[in-house]
Amino acid sequence: QELLAESGGGSVQAGGSLTLSCASSGPTDIYSCMYWFRQFPGKDREAVAIIRRDDIIIYATSIEGRFTISRDSAKNTLDLQMNNLKPEDTAMYYCAAAKSESCYAAGLNYTPATWGRGTQVTVSS
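Residues numbered from 1 in each chain as written. Predicted model: local features only at pLDDT ≥ 70, side-chain atom pairs only at ≥ 80, totals over all residues. Heavy atoms only, no water.

(A) Expanded view of the nonpolar core. Trp36, Ile69, Leu78, Leu80, Met82 and Tyr93 are the most contacted members of the largest nonpolar core, which has 26 residues in total. If near-sequence neighbours (up to four positions away) are discounted, Leu80 is found in contact with Leu18, Thr19, Leu20, Trp36, Val48, Ala49, Phe67, Thr68, Ile69 and Tyr93. Residues Cys33, Tyr94, Ala96 and Ala98 belong to the second largest nonpolar core, which totals nine residues. (Core = buried A, V, L, I, M, F, W, Y, C linked by side-chain atoms within 4.5 Å. Buried < 20%, exposed > 50% of the residue type's maximum accessible area, 1.4 Å probe, protein only. Contact = heavy atoms within 4.5 Å.)

Encoded structure:
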């Protein structure tokens, strides 16, 4: 069973930056798609970014231009660089991954099978 573990969350003021990192216990190239999701209190998780094995990247409109997803297959990590953070970005952030190529057609609207435990990001005004 592959494991994903997030790190890099914390508290930052509006306009600041954070980089989240997700370490995979196994090779990331087994995954067709890797994601960053976030969850607001009392809400369902929502995908904010996906990177596919063919390096196609899709961002949610709410974060486009501010966040950058990247994958390092040599280190088996997935990162999310977050710039110009806003108080409305405050959420629990999760790394997730899917092996099935069914994720390709679904874009951000896919529920991957493998999840990390999450890391909290808090942005103060």
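(B) Structural view of the side chain of Thr28. Looking at where Thr28 falls in the secondary structure, it is placed in the loop between strand 3 (18–24) and strand 4 (33–39). Those residues in contact with Thr28 that lie beyond four places of it in its chain are Met34, Arg71, Asp72, Ser73, Asn76 and Thr77. (Helix = DSSP H or I, 4+ residues; strand = E, 2+ residues; numbered from the N terminus.)

(C) Spotlight on unusual backbone geometry. The backbone phi angle of Asp55 is positive, close to 70 degrees, even though this residue is not glycine. Tracing the backbone through its elements, the reader meets Asp55 in the loop between strand 5 (46–52) and strand 6 (57–59). By relative accessible area, Asp55 is classed as exposed at 52%. Positive phi, close to 50 degrees, is recorded for Asn84, a residue that is not glycine. Locating Asn84 in the fold gives a position in the loop between strand 8 (77–82) and strand 9 (91–98).

(D) Seen up close, the environment of Leu78. Inspection of the secondary structure puts Leu78 in strand 8. Look at Leu78 and you get buried, because its relative accessible area is 0%. Counting along the chain gives 19 residues from Leu78 to Ala97, while the straight-line C-alpha distance between them is 10.0 Å. Residues contacting Leu78, with those up to four places away along its chain left out, are Leu20, Ser21, Cys22, Met34, Tyr35, Trp36, Ile51, Ile69, Ser70, Arg71 and Cys95.

(E) Spotlight on the sheet that holds strand 7 (residues 67–72). The antiparallel open sheet is built from four strands, whose spatial order is 1-3-8-7. Of all strands in the sheet, those with a lone pairing partner are strand 1 (4–7) and strand 7, marking the two edges. Shown here is a sheet whose adjacent strand axes are inclined to one another by a mean of 15 degrees, direction ignored. Where strand 7 and strand 8 come together, six bridges link them in antiparallel fashion. (Pairing = 2+ DSSP bridges. Axes fitted to C-alpha atoms, helices over the stretch in contact; angles between N-to-C directions.)

(F) Inspection of the state of the cysteines at higher detail. Applying the stated criterion to the full structure yields two disulfides. Across the disulfide, Cys22 is cross-linked to Cys95 (sulfur-sulfur distance 2.1 Å). Since a negative S-S torsion denotes a left-handed disulfide, the Cys22-Cys95 link at about -70 degrees is left-handed. Placement of the pair is Cys22 in strand 3 and Cys95 in strand 9, with a sequence separation of 73 residues. Here Cys33 pairs with Cys103 through a disulfide, and the sulfurs are 1.9 Å apart. With the S-S bond torsion at 85 degrees, the cross-link from Cys33 to Cys103 turns out right-handed. Remark: Cys103 occurs in helix 1 (residues 102–106) and Cys33 occurs in strand 4; sequence separation between them is 70 residues. In the protein, the bonded cysteines, numbered by position in the sequence, are linked as 1-3, 2-4. (Disulfide = S-S within 2.5 Å.)

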